[in-house]
Amino acid sequence: MSKYHTLTAAGAVDYARQYAGLSDPQSLVDAQEVGDGNLNLVFKILDSQGISRIIVKQALPYVRCVGESWPLTLDRARIEAQTLLVHGQYCPQHTVRILHHDPQLAVMIQEDLSDHVIWRRELLLGVHYPQAARQLGEYLAQALFHTSDFFLSAQRKKAQVARFLNPEMCQITEDLFFTEPYQIHERNAYPPALEPEVTALRVDRSLNLAVAGLKHRFLSQAEALLHGDIHSGSVFVANGRLKVIDAEFGFYGPMGFDIGTAMGNLLLNYCGLPGLLALREAASGREQRLRDIRELWLAFSEGFLALAAEKTTDAMLATPGYAHQFLLGVWRDAVGFCGTELIRRTMGFAHVADLDGIGDDVMRLDCQRHALSMGNMLIIAAPHISDVDALIARIRQNG
Ligand code: SR1
Ligand code: MG
């Protein structure tokens, strides 16, 4: 019989006392449930001073933001913990530390990051973390290179692909990113005023062909162990520091998906800023987002090329110029996936505060229209946008 049961706050405290590996487990006395994502329970475990010491995270057997009508695999907790452990092996400075996990209870204990803040919340307020984009690029370079065929032997890599099959979570992405926004679907959510723009996406044959290609790559290209959901809500920042959390969508997929999702969330912020901040702050925030995108890509690509030059194990993949050639494809993918993130976060099932948090109705609609048109443009133009400077020029042209 399964030992799974949902933890109460008191149960989470007991669990942390037993398994967090603290030298003073009895100092843990209370728990606060703070989960504000779409899927899981998250407890901060507090000591007698009320200081948060450790995080206990448990997967629920359904999508939290919907309820039991949308059941969901508990295996995602194992995938999440193991993905973060693998990424943490290669990039400990930017991966949340996992102290313990139990696949049957679908629970993990992770380091407390109360001295950090969620990057999205800061982006909404116009607070800039100068090193964040570069650090996220470094994380992606380390995590993706070391889990790819460039680094792992072919045998080991195939074993890892099998270990990280994550079909139910991938199906969510396949549906929410690549299918539902281009169909009439009950899960799509957008104001009636956007109907003309949404209909235009649905009937645009060139756009649908390009999205089909992206979906096909997501379905079939097992290039590296992806984080799988690397938006600005999955990233904690502090002065000079950055930690990635929440890898339950981890699986072997196309590298451009992680990079594109990260860039897409910076662009969602770019589109939303005029509705979130005063004119001058919004303009300067937008310039900052463009610089962030540039730094993210350069940190990833330069980091990846340096690792490839030093550590590629396969004799043919080590052929001079091959890693560079491979990255050209990753770049094209990233731009396309970035476009799909913009579209699905604007009119699909799962939205972001960068747009939905805009108080003024007219301004919100303007920003949403901008995100849809930018997403569309990026998906169509991806094969012709040669590098990150060309991307930034296109974004400026788009408004
Ligand atoms: C049902 S899950 C909806 C979205 O939330 C997650 O953070 C992922 O982005 C997913 O697409
Ligand atoms: Mg998440």
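Because the structure is predicted, anything quoted here is derived from the model rather than measured.

What counts, and where the lines are drawn
Residues numbered from 1 in each chain as written. Chains lettered and ligands numbered in written order. Predicted model: local features only at pLDDT ≥ 70, side-chain atom pairs only at ≥ 80, totals over all residues. Heavy atoms only, no water. Pairing = 2+ DSSP bridges. Helix = DSSP H or I, 4+ residues; strand = E, 2+ residues; numbered from the N terminus. Contact = heavy atoms within 4.5 Å. Axes fitted to C-alpha atoms, helices over the stretch in contact; angles between N-to-C directions. Domains from an automatic or database assignment. Buried area = accessible area lost by both parts, 1.4 Å probe. Salt bridge = Lys/Arg side-chain N within 4 Å of Asp/Glu carboxyl O. Polar contact = N/O pair within 3.5 Å; in protein donor to acceptor, adjacent residues only side chain to side chain. Nonpolar A, V, L, I, M, F, W, Y, C, P; charged D, E, K, R; others polar. Core = buried A, V, L, I, M, F, W, Y, C linked by side-chain atoms within 4.5 Å. Buried < 20%, exposed > 50% of the residue type's maximum accessible area, 1.4 Å probe, protein only. Near = heavy atom within 4 Å. Areas by Shrake-Rupley, 256 points an atom, 1.4 Å probe, with all protein chains shown as cover.

**Q** Any chance you could explain the sheet that holds strand β10 (residues 235–238) here in plain terms?
**A** As a general point, the strands of a sheet are linked pairwise by backbone hydrogen bonds and lie either parallel or antiparallel. Read from one edge of the open sheet, 3 strands run β8-β10-β11, paired in antiparallel fashion. In this open sheet, the two strands that pair with only one neighbour each are β8 (117–118) and β11 (241–244). Pairing of β10 with β11 involves 4 bridges; the strand directions are antiparallel. For valine 235, the partnering residue across the bridge sits in β11 and is valine 244. Lying on the sheet, helix α4 (residues 132–146) is in contact with β10 and β11; it crosses β11 at an angle near 45°.

**Q** Explain the domain arrangement of the protein to me, please; I cannot follow it from the model alone.
**A** You'll often see interface size given as the accessible area lost when the parts meet. Along its sequence, the protein is carved into domain 1 (9–111) and domain 2 (117–398). A separation of 26 Å is found between the C-alpha centroids of domain 1 and domain 2. The interface is formed by 28 residues belonging to domain 1 together with 32 residues belonging to domain 2. Taken together, both faces of the contact between domain 1 and domain 2 bury some 2500 Å²; the carbon and sulfur share is 61%. Summed over the shared surface of domain 1 and domain 2, the number is 3 salt bridges. Aspartate 246 is the salt-bridge partner of lysine 57, the closest N and O atoms lying 2.3 Å from each other. Linking domain 1 with domain 2 are 15 residue pairs in polar contact (both at pLDDT 80 or more), by the criterion used here. Residue assignment for the side of domain 1 that touches domain 2 shows that the elements contributing at least two residues are α2 (75–90) and β7 (107–111). Broken down by element, the residue count for the side of domain 1 that touches domain 2 peaks at 10 residues, all from α2. For the side of domain 1 that touches domain 2, a count of residues per class yields 12 nonpolar, 10 polar and 6 charged.

**Q** How should the nonpolar core be read in this particular structure?
**A** Among soluble globular proteins, nonpolar side chains are generally buried collectively. Of all hydrophobic cores here, the largest spans 81 residues; its most connected members are Leu136, Ile259, Met263, Leu267, Phe300, Leu378 and Leu391. Per-element tally for this core: the top contributor is helix α11 (residues 322–347), with 12 residues. Once you skip the residues sitting within four places of it in the chain, leucine 378 turns out to touch Leu267, Val335, Gly336, Cys338, Gly339, Leu342, Ile385 and Leu391. Formed by 21 residues, the second largest nonpolar core is a distinct cluster that contains Tyr4, Ala16, Ala20 and Phe43.

**Q** What am I meant to see in the site of ligand 1 here?
**A** Inspection of the region around ligand 1 gives Asn38, Leu39, Val63, Trp70, Leu176, Asp229, His231, Phe249, Arg344, Arg345, Phe349 and Ala350 as its neighbouring residues. Asparagine 38 places a side-chain nitrogen or oxygen 2.7 Å from an oxygen atom of ligand 1. Within the side chain of arginine 344, an N or O atom sits 2.7 Å from an oxygen atom of ligand 1. Coverage of ligand 1 by the protein chains reaches 95% of its 320 Å² of free accessible surface. The residue makeup of the shell around ligand 1, split by class, is 7 nonpolar, 2 polar and 3 charged.

**Q** Whenever I open this one, the environment of methionine 108 confuses me. Can you help?
**A** By the element assignment, methionine 108 lies in strand β7. Measuring from C-alpha to C-alpha, the distance between methionine 108 and isoleucine 172 comes to 22 Å, with 64 residues separating the pair along the chain.

**Q** I would appreciate a short explanation of the pairing of strand β2 (residues 40–47) in the present structure.
**A** Extensive coverage of β2 is indicated by the burial of 7 of its 8 residues. Pairing geometry for strand β1 (residues 28–33) and β2, over 5 bridges, is antiparallel. The partner of glutamine 32 across the bridge, within β2, is lysine 44. Where β1 folds back onto β2 in an antiparallel hairpin, the turn is made up of 6 residues. Alignment of β2 against strand β3 (residues 52–59), held across 7 bridges, turns out to be antiparallel. Directly across from valine 42, in β3, lies its bridge partner lysine 57. Here β2 folds back onto β3, and the loop between the two strands holds 4 residues, one of which, glycine 50, carries a positive phi near 80°.

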